[in-house]
Amino acid sequence: MGYKIKLDIFEGPFDLLFHLIEKNEIDIYDIPIAEITRQYLDYLYAMEQLDLEITSEFLVMAATLLSIKAKMLLPRQPQEDAEEEEGVDPREELVERLLEYKKYKQVAGYLERREKEAAKVYPREINVEEVAAAFADDNPLEGVELTDLLDALVQVMARVKEKEPFARITREEITIRDKVVQIQQELNRRKNGMLFSELFSKQASRVEIVVTFLALLELMRLGKVLARQSRNFGDIYLYALDADGGEA
Amino acid sequence: MLFSEELLGAMECLLFVAHEPLSVKRLAEILELKEAEVEELLDMLSGEYEKSGRGIQLVEVAGGYQVCTRPEFAAYVEKLYKPQTQALSRAALETLAIIAYKQPITRAEVEQIRGVKVDGVINTLMEKGLLEEVGRKEGPGRPILYGTSNKFLQHFGLKSLDELPDPEDFVAEAGDAETAVEEGESR
Amino acid sequence: MLFSEELLGAMECLLFVAHEPLSVKRLAEILELKEAEVEELLDMLSGEYEKSGRGIQLVEVAGGYQVCTRPEFAAYVEKLYKPQTQALSRAALETLAIIAYKQPITRAEVEQIRGVKVDGVINTLMEKGLLEEVGRKEGPGRPILYGTSNKFLQHFGLKSLDELPDPEDFVAEAGDAETAVEEGESR
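Treat the numbers as computed from the prediction; the structure is a model and nothing was measured.

Draft legend 1. Local environment of the overall build of chain A. Scanning chain A from terminus to terminus reveals 10 helices and 3 strands. Listing every helix and strand of chain A by position from the N terminus yields α-α-α-α-α-α-α-α-α-β-α-β-β. When burial is assessed residue by residue, chain A has 39% of its 248 residues classed as buried. In chain A, once contacts between residues fewer than 6 apart in sequence are set aside, the share between residues at least 24 apart is 55%. Surface summary for chain A: the accessible area is close to 15500 Å², and the carbon and sulfur share equals 52%.

Draft legend 2. Highlighting the pairing of strand β1 (residues 56-61) of chain B. Both β1 of chain B and strand β2 (residues 64-69) of chain B contribute to a ladder of 6 bridges, which runs antiparallel. Within β2 of chain B, the residue paired with Q57 of chain B across the bridge is C68 of chain B.

Draft legend 3. How the structure looks around the interface of chain A and chain C. Of the residues lining the interface, 34 residues belong to chain A; the matching set on chain C comes to 53 residues. On the chain A side of the contact with chain C, Y104, E115 and Y122 of chain A bury the most area, a combined 18% of that side's loss. Where chain A packs against chain C, one counts 3 salt bridges. In this structure, the salt-bridge partner of R114 of chain A is E163 of chain C, at a minimum N-O distance of 3.1 Å. Summed over the shared surface of chain A and chain C, the number is 14 residue pairs in polar contact (both at pLDDT 80 or more). For the side of chain A that touches chain C, the elements supplying multiple residues, two or more each, are α2 (13-23) and α5 (92-119) of chain A.

Draft legend 4. Layout of the confidence of the model for chain B. Residue and element names in this part refer to chain B. Averaged over every residue, the pLDDT of chain B is 80; the share at 70 or more is 84%. Below a pLDDT of 50 lies the segment residues 174-187, which in the model reaches 10 contacts outside its immediate sequence neighbourhood of four places, other chains included. Interface confidence for the predicted complex, expressed as ipTM, amounts to 0.62; the pTM equals 0.59.

Draft legend 5. Structural view of the packing of aromatic side chains. Within the structure shown, the criterion is met by 7 aromatic pairs over all chains. Centre to centre, the rings of F73 of chain B and Y76 of chain B are 6.3 Å apart; their planes meet at 50 degrees, and the pair counts as tilted. In this structure Y76 of chain B comes out as buried when scored by relative accessible area, which is 18%. By way of ring pairs, the aromatic residues F14, F18 and Y101 of chain A are connected into one cluster. Between the NZ or CZ atom of R124 of chain A and the centre of the ring of F16 of chain C, over which it lies, the distance is 3.7 Å.

Draft legend 6. Up close: unusual backbone geometry. Residues Q103 of chain B and P104 of chain B are joined by a peptide bond in cis, for which omega reads -5 degrees. Secondary-structure assignment places P104 of chain B in the loop between α5 (90-102) and β3 (105-106). Positive phi, close to 50 degrees, is recorded for E25 of chain A, a residue that is not glycine. The backbone of R142 of chain B sits at a positive phi, close to 40 degrees, despite the residue not being glycine. Checked against the element boundaries, R142 of chain B lands in the loop between β4 (131-136) and β5 (144-148).

Draft legend 7. Looking closely at the sheet that holds strand β3 (residues 236-240) of chain A. All names here are of chain A. Strand order in the open sheet made by the 3 strands is β1-β3-β2, with antiparallel pairing throughout. This sheet does not close on itself; its edge strands, each paired only once, are β1 (194-195) and β2 (225-229). Of the pairings in the sheet, the one linking β2 to β3 comprises 5 bridges and is antiparallel in character. The residue bridging A227 from the neighbouring strand is L238, located in β3. Its contacts with the sheet place helix α9 (residues 176-189) against β1, β2 and β3, and it is angled at close to 90 degrees to β3.

Draft legend 8. Inspection of the interface of chain B and chain C at higher detail. Contacts between the two partners involve 37 residues from chain B and, on the opposite side, 35 residues from chain C. With both sides pooled, the region where chain B packs onto chain C buries about 3200 Å², and carbon together with sulfur makes up 64% of that total. If you sort the residues of chain B by the area they bury against chain C, F16, Y76 and L80 of chain B come out on top, with a joint share of 21%. In this assembly, chain B and chain C are joined by 4 salt bridges. The shortest N-O distance in the salt bridge between E32 of chain B and K79 of chain C comes to 2.8 Å. For the side of chain B that touches chain C, the secondary structure elements donating two or more residues are α1 (4-17), α2 (24-31), α3 (35-50), β2 and α4 (74-81) of chain B. When residues of the side of chain B that touches chain C are assigned to their parent elements, the largest contribution, 11 residues, is made by α1 of chain B.

Analysis parameters
Throughout, residues of each chain are indexed from 1 in the direction in which the sequence is written. Throughout, the order in which chains and ligands are written sets their labels, letters from A for the former and numbers from 1 for the latter. Given that this is a predicted model, residues contribute local features only at a pLDDT of at least 70 and side-chain atom pairs are listed and counted only at 80 or more, while totals for whole chains, interfaces and linings are drawn from all residues. With hydrogens and water excluded, all non-hydrogen atoms of the structure serve as input to the side-chain values. Secondary structure elements are taken from DSSP: a helix is a run of H or I of four residues or more, a strand is a run of E of two residues or more, and numbering for both begins at the N terminus. Residue exposure (1.4 Å probe, protein chains only): buried if accessible area is under 20% of the type maximum, exposed if over 50%, otherwise partly exposed. What makes two residues a contact is simply this: any of their non-hydrogen atoms within 4.5 Å. Where accessible areas are quoted, they stem from the Shrake-Rupley method and a 1.4 Å probe; at the residue level, only the protein chains shown are allowed to cover. Criterion used throughout: strands pair if DSSP finds at least two bridges between them. Buried area: the accessible surface (1.4 Å probe) lost by two parts on joining, summed over both. When a carboxyl oxygen of Asp or Glu lies within 4 Å of a side-chain nitrogen of Lys or Arg, that pair is called a salt bridge. Polar contacts, as used here, are pairs of N or O atoms within 3.5 Å; protein pairs need one atom able to donate a hydrogen and one able to accept it. Residues neighboring in sequence count only if both atoms are side-chain atoms. For every residue, the predictor assigns a confidence score, pLDDT, that lies between 0 and 100. A pair of Phe, Tyr and Trp rings is counted when the ring centres sit within 6.5 Å of each other, with Trp represented by its six-membered ring. The angle between the planes then sorts it: under 30 degrees is stacked, over 60 is edge-to-face, the rest tilted. Only when the NZ of Lys or the CZ of Arg is both within 6 Å of the ring centre and within 35 degrees of the ring normal is a charge said to sit over the ring. Here, axes are lines fitted to C-alpha atoms. For helices the fit covers the stretch in contact, and angles between N-to-C directions go from 0 to 180 degrees.

Here is the structure:
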């Protein structure tokens, strides 16, 4: 069973190769490829015996090792002309990759030590929501002044006005002519006059207000309506006038 | 206590990481001390935190002890956590303005004015407690009528809605000769 | 600094409630101080914590400062709470090591170096928040580029990526017969 635990450790073919190299105290730049290949294959065999899954990466490496071993066994062609081949060790690429891998394996070891140290140091666990909740009574209107609110209102209304050309087609009722008739009818109905402010309904849009005001001015110009105000800023009363200018 | 230095540190460490107040009993268990000894250590730690220039304090709460921030620095903590609360969006402000002046008003009526859907915005304003449901409109579907809340009034220091400035003043301003000309030109 | 007493307290308070390391810049913003002044305060606080009998310390990590427990009291903390952070697997450590040095890097490039598939490991590290997607590599399939996160630095108690040792140093060591033997023995 001890064997199995050991088998489990290896993270991949490189990891296993390293283990073999270190176990045999081999110089990585001069790997006895035949011996290492034998041990590597023994290991795969052991894995198989233990029903461990042998991933394809291990098999690819086995093939690579066998191919290198084969090349090493071939007698070196004493062709000094073939300079490119000369001096190229079949193990070279493998060694390069092993060294590259080793670099990070050692960094991993460094990280492992740092992790152990860092794990002994505990920060306070802060429940961000809980802390923020202490300030939950915060003011969603912070920085908003009354003038900002009015400004927003005016802007909305201005946008409504911009849309008016389209609205006018469907809302024929807000023409000055219609409003003139409407005001006359209202004043004729209320012989005792009415308040200026009553002309404007609470839901009146800005355009409606403007149209109403213009209609009223028109009626006054035509001498059909009289506006009276008893004092500055006081209520304005409107009265219908009959044809000859007297109060109806 | 001879051993106090190290145990004082251990106790501070425990109080520092604890998620909840630690009872004297619990501290005594972990530190393997008598409860009286723990109390002595607590006194020492508390004294340490009472020195000037400290931002934390030892508080006895819910049958235990807890290290907490000092209340006088709450404003700094708020600044640290504040960026999470966002200012009202333009859409929210406009919707709020319409409702403030036209209340009680239905969602559809607000949409009529703003020209866009306001479901999301109204929900947000409701969540923030700036709007309230104030009734149902008579008629098909009996839609909810919205109005502004007390929180809204309080923020602007208004006694009642009557104190809202008259939007007609703005209309009057718009009626100013200059503005009118400008507007006329912009048509 | 005349004002230091109160600001020292305020800073301790901030470090105490922050859920992540606070940079000097952030502290300077909140305390409305110059960065050099914050650094002076940090020195003062650190000195305070270095006195005997303390259980906490000021740690520079992940580009900021954080108040943490002292490592010598880890056993007490573990008595209070079971350690919640598990050590990373060998595969995770190797993968992180490669990404830390080679970032931004694709999964395939990591696999090339490790000689094994790393899908599962990378997913786990992403879930733990130790890795981040930092972009896409130009070219066929536009594969995701990975990098390490701030949490990575915190997990390993690193101030910044610069603190990682030069991997070339390890290569030099690798040529060193003695080191190799030692490492072989340490297995």
